[in-house]
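Geometric and topological summary
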Amino acid sequence: MTTIITAQNLSKSFGSFQALKNVNLTIKKGQIVGIIGANGAGKTTLLNSILGLSVYDGDLNVLGFDPYSQRDELMKEICFISDVATLPKWIKVSEAIDFVEGVHKSFDRKKALAFLAGTTVPLDKKIRQLSKGMVVQVHLALIMSIDAKILVLDEPTLGLDIIYRKKFYHQLLEDFFDEDRTILITTHQVDEIENILSQVIFIREGEIALEADMEEITENWMVLNPTADNIDAARASSPASEQSLLGRTSFIFNGVSRAELEKLGDVSRVSLSDLFVTLMKGDNDA
Amino acid sequence: MIASIIKPGGYNPFKALMLREYWENRRAIFTTPLVIMGLSMVLIIISMGLLGRAIHIDGQSYTLNEMIANMSAQKAQNISTHINQILMVSTLPIMIGAWFCMVFTALGSLYDERKDNSILFWKSMPVSDLQTVLAKLLNVMLVIPFVAIGFTFIFQIFLLIVGSFSTLGTDYSAWDLLWSSSNLPLLVFSELTYMVMYSLWALPVFAWFMLVSVIAKRSPLLLATIPVALVILFETLFFHSEYLARFIGMRLTGAHILQTDNGFGQNFSILGINTPLENIQSAAKPEFWIGLGIAAALLYAAILLRKRSSL
């Protein structure tokens, strides 16, 4: 697989606040990468650097381009939905299609129109007249009709209801994704994208807390629900974290063999949201 | 007709950027001059038809027939000068409207996209900041005034037609009196060259507006004017000079183009119709090129700052 994004010692400060601290990162082609972190952890800063939208320190290479100085070239290969607010309110849907067709060589007008035909979006209406869900569909229709190598989604489904969110990810997988393309996603609804991700990057306070393939995570991280008499034994085997909910205690383990844990109780795979909480607590050495 | 001109034809980034300007600023480009022209036409018809046919020229009141009689009594050369002056002055409402549209479009050019967050959408497109700023500049300095001149042309034709109607039933010939004495093609050509020269002379001021529009957190108008006003005040109080005020005033009024070698005020008349050549000759003044240099520096700064701004 080819590497498409490499970051070395990537840093970015806003005044005295360091949003990114010496981030090192490689992302390969054909992945769906979830970038997960608390608010203000540096997700958007990382994406903005990759997109050439902000200045940064360190080395960053995206598809062979230096993003900041070659943004216009890079954007031929990258598509980007930041959140629903970014389409200008005054533009008509048909004008937005005309514009993207005008600036993107690889734009497939028929594809965009076909996609929109499957929705209730009216072409002659302005963005400000559409519902939030419709705006996302317009944006998605535009983006998916561009033959881009990387798609960056920064909280793409913010403010959408669950039906639109499901539809969004479904369309993304059906109509856009293939092994030549790469998708980077940040979202707070981690659980909804968990099953489509192939790689996750956890960011905490501007640093990468964990970068791993989903397979590695399922191999290394496990949840143990010990039987009542084994709770102390579980606690003694240095779990990464402990959670109590409705009288049940569960532990998250990193790098302990499954066979060993099964002696103490039920073992299941860890959800990304539990893993996220574990990593953000900072009481582990991952 | 317009719809066919402004239809995009596939991949053409700069055209797409110009179309974006048209879509975003339809009101400034098209609606405003159209409405002003329409209102002026209605006013003329009302004032001619209902309000006693009185026309005020140079503080005197004439009925139309009196005016025609008055004019016919004059020499052909005088008639021609008068008609052309009237036609020239008739463009003022539309052109003043267009001027305000230019100012406010320039002030909003790089501000509105930040205010509504759409800058992230525009920046996700493969067009450089240079191209974007240039498209916005061309829209403000050429598209808006040129469309306005188109409307003034329609309005001038309207005036000649209305004038022709009022000669009906009199002994005077509309052709001799109005159509052959006005030199409409030359007039329009003169207006066009004047407009291009105006845009170039005023470029540093408009470039300043665009630079402010990329910096302003709120109200670009205030940020564009108040600091400048303070500097002017400072200059007046402490140096007893008024270079900055003069610089801005001369450029915004287009005085450099109308002004002959005699200096400001002496041979300056808003009614003096320059020939296209006289308009272009103002480029021979060194201040013209100094202004362009300042404009280039301000625009370069605007491009750099747009590159940095992501929200």
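Just above, that's the structure.
Residues numbered from 1 in each chain as written. Chains lettered and ligands numbered in written order. Predicted model: local features only at pLDDT ≥ 70, side-chain atom pairs only at ≥ 80, totals over all residues. Heavy atoms only, no water.

**A few points about the interface of chain B and chain A**
- Contact with chain B, which involves 29 residues of that partner, is made by 30 residues of chain A.
- Together chain B and chain A conceal approximately 2900 Å² of surface at their shared face, both sides included; 64% is due to carbon and sulfur atoms.
- Inspection of the chain B/chain A interface yields two salt bridges.
- Ionic pairing is found between arginine 71 of chain A and aspartate 129 of chain B, a salt bridge with its closest N-O pair at 3.3 Å.
- Counting the contacts that link chain B with chain A gives six residue pairs in polar contact (both at pLDDT 80 or more).
- Listing elements by their share of the side of chain B that touches chain A, those giving two or more residues are helix H2 (13–24), helix H8 (119–123) and helix H17 (286–308) of chain B.
- Sorting elements by how many residues they give to the side of chain B that touches chain A places H2 of chain B first, with six residues.
- In the side of chain B that touches chain A, the residues fall into 12 nonpolar, seven polar and 10 charged. (Contact = heavy atoms within 4.5 Å. Buried area = accessible area lost by both parts, 1.4 Å probe. Salt bridge = Lys/Arg side-chain N within 4 Å of Asp/Glu carboxyl O. Polar contact = N/O pair within 3.5 Å; in protein donor to acceptor, adjacent residues only side chain to side chain. Helix = DSSP H or I, 4+ residues; strand = E, 2+ residues; numbered from the N terminus. Nonpolar A, V, L, I, M, F, W, Y, C, P; charged D, E, K, R; others polar.)

**Notes on the pairing of strand S2 (residues 17–28) of chain A**
All names here are of chain A.
- Across eight bridges, the pairing between strand S1 (residues 3–14) and S2 is antiparallel. Its bridge partner being in S2, isoleucine 5 is matched across the sheet by isoleucine 27.
- Linking S1 to S2, which pair antiparallel, is a turn of two residues; within it glycine 15 sits at a positive phi near 65°. (Pairing = 2+ DSSP bridges.)

**Focus: the pairing of strand S3 (residues 32–37) of chain A**
All names here are of chain A.
- Within S3, six of the six residues are buried, leaving the element largely enclosed by the surrounding structure.
- Side chains Ile32, Gly34 and Ile36 project from S3 onto one buried face, and the interleaved Val33, Ile35 and Gly37 project onto a second face that is buried too.
- Bridging between S3 and strand S7 (residues 182–186) involves four bridges; their strand directions are parallel. Within S7, the residue paired with valine 33 across the bridge is leucine 184.
- Alignment of S3 against strand S8 (residues 199–204), held across five bridges, turns out to be parallel. Pairing of isoleucine 36 across the sheet is with phenylalanine 202, part of S8. (Buried < 20%, exposed > 50% of the residue type's maximum accessible area, 1.4 Å probe, protein only.)

**Considerations on the sheet that holds strand S4 (residues 57–62) of chain A**
Residues and elements named next belong to chain A.
- Pairing within the open sheet is antiparallel, and its three strands lie in the order S2-S1-S4. One side of each edge strand has no neighbouring strand; the edge strands of this open sheet are S2 and S4. Shown here is a sheet whose adjacent strand axes are inclined to one another by a mean of 15°, direction ignored.
- Both S1 and S4 contribute to a ladder of five bridges, which runs antiparallel. Looking at S4, one finds that glutamine 8 is bridged to aspartate 59. (Axes fitted to C-alpha atoms, helices over the stretch in contact; angles between N-to-C directions.)

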